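Listed below, chain by chain, are the residues.
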Amino acid sequence: MIVTIDGPAGAGKSSVSRQLAARLGFHYLDTGAMYRALTWWVLEQGRDPGDRKGVAELARQIDISFAGDRVLVAGQDVSQAIRSPQVTGAVSEVADNPDVRQVMVSRQRDLARSGDYVCEGRDQGTVAFPQADCKIFLTASAAERAQRRCRQLVEQGESADLEEVLAAQNKRDLRDESRPVGKLVKAVGSIEVLTDGMDFPQVVDHLEAIVVKELGL
Ligand code: DC
């Protein structure tokens, strides 16, 4: 069985999807981590993230695997490295590449054949798994997402300026919504969940109730 969770940056998709998968006894597939891992590798090799053909070739070659919460490239743990500002700054360009998306979607489908999955990203319910058993569009208002991100940065001991965070987020939203292939849109048949005012356990409980009902578990 496949559950897809798509939505904009900062909606809390990753932590919620991971927790939901654990509760359901499903595997969790973080597709953003796949684009990040590829971006890390492109930068590591000193290649240009905008080189469409070259990056697509690297996408075909890269060995990405998951070990629990860890993301591995050719066996090397890159879980931290793929969250660096350098990777975050370049990942959109890599994810915009239609040839890269084709390779990644095909890998996602191959992976999900091996069991029950919660697949999280931007295009999981629209492109990768339009026939998924349950499709969720998880979102929150721009202001709420930016505030959460600021709180997270402060908790990590970093400085956070709400205006700056909001501006960066708007840029990412626009890019996610306007890429020609795999753009962020609400999938047909998906259930929209607006998480404004809900805390993490409430969101997970709510999603679990939806999935249990939809899948008849
Ligand atoms: O969710 P995230 O921030 O880890 O995603 C990293 C980047 O990858 C972000 O620019 C959106 C993009 N992405 C995508 O285009 N398609 C997906 N299925 C998942 C992520």
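Residues numbered from 1 in each chain as written. Predicted model: local features only at pLDDT ≥ 70, side-chain atom pairs only at ≥ 80, totals over all residues. Heavy atoms only, no water.

Visitor: Hey, could you run me through the sheet that holds strand β5 (residues 76–77) in this one?
Guide: Sheet strands line up and pair through hydrogen bonds in the backbone, either parallel or antiparallel. Taken in spatial order, the three strands of this open sheet run β3-β4-β5, and their pairing is antiparallel. A strand with exactly one partner marks an edge of an open sheet, and here the two such strands are β3 (64–67) and β5. As paired elements, strand β4 (residues 70–73) and β5 share two bridges and run antiparallel to each other. Its bridge partner being in β5, Leu72 is matched across the sheet by Asp77. Docked against the sheet, helix α2 (residues 31–44) engages β3, β4 and β5, running at close to 40 degrees with respect to β4. (Pairing = 2+ DSSP bridges. Helix = DSSP H or I, 4+ residues; strand = E, 2+ residues; numbered from the N terminus. Contact = heavy atoms within 4.5 Å. Axes fitted to C-alpha atoms, helices over the stretch in contact; angles between N-to-C directions.)

Visitor: It is not clear to me how the site of the ligand should be interpreted in this structure. Could you clarify?
Guide: Around the ligand, the structure places 16 residues, and the nearest of them are Thr31, Arg36, Arg101, Asp123 and Arg179. One of the side-chain N or O atoms of Thr31 is found 2.9 Å from a nitrogen atom in the ligand. Measuring from an oxygen atom of the ligand, one finds a side-chain N or O atom of Arg122 at 3.1 Å. For the ligand, the accessible surface in isolation is 450 Å², of which the surrounding protein chains cover 96%. Listed by contribution, the elements that provide at least two residues to the shell around the ligand are α2, α4 (85–95) and α8 (162–178). With four residues, α2 is the single largest residue contributor to the shell around the ligand. The residue makeup of the shell around the ligand, split by class, is three nonpolar, five polar and eight charged. (Near = heavy atom within 4 Å. Polar contact = N/O pair within 3.5 Å; in protein donor to acceptor, adjacent residues only side chain to side chain. Areas by Shrake-Rupley, 256 points an atom, 1.4 Å probe, with all protein chains shown as cover. Nonpolar A, V, L, I, M, F, W, Y, C, P; charged D, E, K, R; others polar.)

Visitor: What should I look at first to understand helix α5 (residues 98–112) in this one?
Guide: Residues three or four positions apart in an α-helix share a direction because the helix packs 3.6 residues into each turn. With 15 residues, α5 should cover 21 Å at 1.5 Å per step; its first-to-last C-alpha distance of 21 Å lies within 8% of that length. Where α5 begins, the side chain of Asn97 points an oxygen toward the backbone nitrogen of Asp99, at a separation of 3.0 Å. (Expected span 1.5 Å × (residues − 1).)

Visitor: Before we go on, may I ask you to explain the packing of helix α1 (residues 13–24) against helix α9 (residues 200–215) in this structure?
Guide: Helix-helix packing is described using two parameters, namely the angle between the two axes and the distance between the axes. Put simply, α1 and α9 touch, their axes get as near as 10 Å, and they point 50 degrees apart. With respect to α9, the element α1 is oriented oblique. Crossing handedness for the pair α1 and α9: right-handed. Contacts between α1 and α9 pair Ser15, Val16, Gln19, Leu20, Arg23 and Leu24 from the former with Phe200, Val203, Val204, Asp205, Leu207, Glu208 and Val211 from the latter. (Parallel < 35°, antiparallel > 145°, perpendicular 65-115°, else oblique. Left-handed = near helix turned anticlockwise from the far one by under 90°.)

Visitor: What's the story with the pattern of salt bridges in this structure? I'm lost.
Guide: For the coordinates displayed, the defined rule picks out 15 salt bridges. Between Arg52 and Asp99 there is a salt bridge, and its shortest N-O distance comes to 3.1 Å. Within this pair, whereas Arg52 is found in helix α3 (residues 52–61), its partner Asp99 is found in helix α5, the two being separated by 47 residues in sequence. What makes Arg52 partly exposed here is its relative accessible area of 43%. Measuring nitrogen to oxygen at the nearest pair gives 2.7 Å for the salt bridge that ties Asp96 to Arg175. Here Asp96 is found in the loop between α4 and α5, whereas its partner Arg175 is found in helix α8, with 79 residues between them in sequence. With relative accessibility at 35%, the residue Arg175 sits in the partly exposed group. Overlapping salt bridges bring together Asp96, Arg122, Arg175, Asp176 and Arg179 as one network. (Salt bridge = Lys/Arg side-chain N within 4 Å of Asp/Glu carboxyl O. Buried < 20%, exposed > 50% of the residue type's maximum accessible area, 1.4 Å probe, protein only.)

Interpretation in functional terms is not warranted from these geometric data alone.
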